[in-house]
Amino acid sequence: RIDLSSVYRGFLNHRIHTGVGTFWADLYEVTEQKNFNPDFSPRDSVVDVSDDPTEIWMPEADRTNYYMFVQDEWKFAQNWQLVSGIRFDEYTDFGSTVNPRAALIWATTDAITTKVLYGRAFRAPSLNELYVSNNPVFIGNDQLDAETIDTFEVGMSHQLTPRVLYALNLFYYEIDDLITAVPISGTIATQYRNAGQRTGHGGEFELSFNVSDDLSLKVNYAYQTAKDERTGQSVGEAPNHQVYGRTDWSLSPRWALSSQVNWVG
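Residues numbered from 1 in each chain as written. Predicted model: local features only at pLDDT ≥ 70, side-chain atom pairs only at ≥ 80, totals over all residues. Heavy atoms only, no water.

Some words on unusual backbone geometry
A positive phi angle is found at Asn13, which is not glycine, with a value near 65 degrees. Locating Asn13 in the fold gives a position in the loop between β1 (2–8) and β2 (14–27). Accessibility expressed as a relative area gives 44% for Asn13, which makes it partly exposed. A positive phi angle, near 55 degrees, is found at Asp177, a position not held by glycine. Mapped onto the elements, Asp177 comes out in strand β11 (residues 164–183). We classify Asp177 as partly exposed; its relative accessible area is 34%. (Helix = DSSP H or I, 4+ residues; strand = E, 2+ residues; numbered from the N terminus. Buried < 20%, exposed > 50% of the residue type's maximum accessible area, 1.4 Å probe, protein only.)

Rendered as structure tokens:
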């Protein structure tokens, strides 16, 4: 992986961040042994199929990713800032993707900050999803595109006192081209395809309390729910609630005590 980025401050009230980079990954050796004897004996019934392209679970593969991005932080008024950017990625195995982002930040008062955010992100299909071949349950698909997610968020943070800060965030997201295993006809049961679409929403509340210079408390609660747009049903297999708490206590210049609890439901 090679990354290069720079920051330019030559324009009044602007801070421009640019970058380019590349990433290379190589699945350079795939090995597999199979047992074709239903009673799993004797030992010599295990066959090495590493060099057999008609039997190995997936071929050797590699990918290269090239990317570039630009982001501008523009303070266009005394209490207002607009952060906007765009990123372009090119993958040698499935193509390109463009992902923008923007955040409008308002210093509502000296103690309150309000934000409105939008962002798009992507997940590249894995090499397994692209190329797995000799598997009776799943087969790859070299025509896959990247998954994308568009997220919209509104947030507010309030420095209630010098020692107490709380924040509230509400969000909504849409996932398109979700890579999922779809039933197909033939000897193989399913194939990976860009066949899913999901939407979700939720919120998070966070509270930080510096009890003293040596003791701090943090707690947050998050809620989210997601729906499969094809079926109209809850996605499942994902938590709806999370509660997290943490304490940090500096006992002395050399000793610190930290404890945390995390509940997921």
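Structural notes on the packing of aromatic side chains
All told, the structure shown has 12 aromatic pairs when counted by the stated rule. Measuring from centroid to centroid gives 5.4 Å for Tyr8 and Phe11, while their planes differ by 80 degrees, and the two rings are edge-to-face. The partly exposed category is assigned to Tyr8, whose relative accessible area is 45%. Ring-pair connections join several aromatic residues into one group, and the members of that group are Trp74, Phe76, Trp80 and Trp106. A cation over a ring is seen here: Arg87 above Tyr67, with NZ or CZ 4.1 Å from the ring centre. (Phe/Tyr/Trp six-rings, centres within 6.5 Å; stacked < 30°, edge-to-face > 60°. Lys NZ or Arg CZ within 6 Å of the ring centre and 35° of its normal.)

Let's talk about the confidence of the model for the protein chain
On average, residues of the protein chain carry a pLDDT of 92, and 97% of them reach 70 or more. Mean pLDDT values over the elements of the protein chain span from 80, in strand β3 (residues 33–35), up to 98, in β1. (pLDDT = per-residue confidence, 0-100.)

Notes on the side chain of Gln191
Relative to the assigned elements, Gln191 resides in strand β12 (residues 190–210). Given a relative accessible area of 15%, Gln191 falls into the buried group. Among the polar contacts made by the side chain of Gln191, one reaches the side chain of Arg193 at a distance of 3.0 Å. Other than its neighbours up to four places away in sequence, Gln191 contacts Ile139, Gly140, Asn141, Thr180, Ala181, Val182 and Ile184. (Polar contact = N/O pair within 3.5 Å; in protein donor to acceptor, adjacent residues only side chain to side chain. Contact = heavy atoms within 4.5 Å.)

Remarks on the environment of Ser216
Note on placement: Ser216 falls in strand β13 (residues 215–228). Sequence-wise, Ser216 and Ser126 are 90 residues apart; in three dimensions their C-alpha atoms are separated by 41 Å. Here Ser216 is in contact with Phe209, Asn210, Val211, Arg246, Thr247 and Asp248, once residues within four sequence places are set aside.

Focus: the pattern of salt bridges
One pass over the full model with this rule turns up 11 salt bridges. Note that Asp150 is salt-bridged to Arg120, the shortest N-O span being 2.9 Å. With Asp150 in strand β10 (residues 147–161) and Arg120 in strand β8 (residues 112–123), this residue pair connects regions lying 30 residues apart in the sequence. Residue classification places Arg120 among the partly exposed positions, given a relative accessible area of 33%. Among the salt bridges present, the one from Arg163 reaches Asp213, with a minimum N-O distance of 3.5 Å. You can see Arg163 sitting in the loop between β10 and β11 and its partner Asp213 sitting in the loop between β12 and β13, a full 50 residues away along the chain. Several salt bridges converge on common partners, so that one network encompasses Arg123, Glu129 and Glu147. (Salt bridge = Lys/Arg side-chain N within 4 Å of Asp/Glu carboxyl O.)

Things to note about the pairing of strand β7 (residues 95–106)
Side-chain positions along a regular strand alternate between the two faces of the sheet. Relative to β7, strand β6 (residues 80–91) is paired through 12 bridges, and the arrangement is antiparallel. Looking across to β7, one finds that Ser84 is bridged to Ala102. Counted between consecutive antiparallel strands, the loop separating β6 from β7 contains 3 residues. Note: β7 against β8, 6 bridges, orientation antiparallel. Residue pairing for β8: Ile105 is matched across the bridge by Lys115. Following β7, the chain reverses through 5 residues before pairing antiparallel with β8. (Pairing = 2+ DSSP bridges.)

Topic: a nonpolar patch on the surface
A contiguous nonpolar patch, built from Leu168, Leu170, Phe205, Leu207, Val219, Tyr221, Tyr223, Val243 and Trp263 and spanning about 760 Å² of accessible area, is present on the exposed surface. Tracing the backbone shows Val243 in strand β14 (residues 241–250). (Patch = residues over 30% accessible without salt bridge, like charges linked within 9 Å, V, L, I, M, F, W, Y side chains within 5 Å. Areas by Shrake-Rupley, 256 points an atom, 1.4 Å probe, with all protein chains shown as cover.)

Describing the pairing of β10
Relative to β10, β8 is paired through 12 bridges, and the arrangement is antiparallel. Along β10, the bridge assignment pairs Arg123 with Glu147. In terms of strand pairing, β10 meets β11 through 13 bridges, oriented antiparallel. Looking across to β11, one finds that Thr161 is bridged to Val164. As consecutive antiparallel partners, β10 and β11 are separated by 2 residues.

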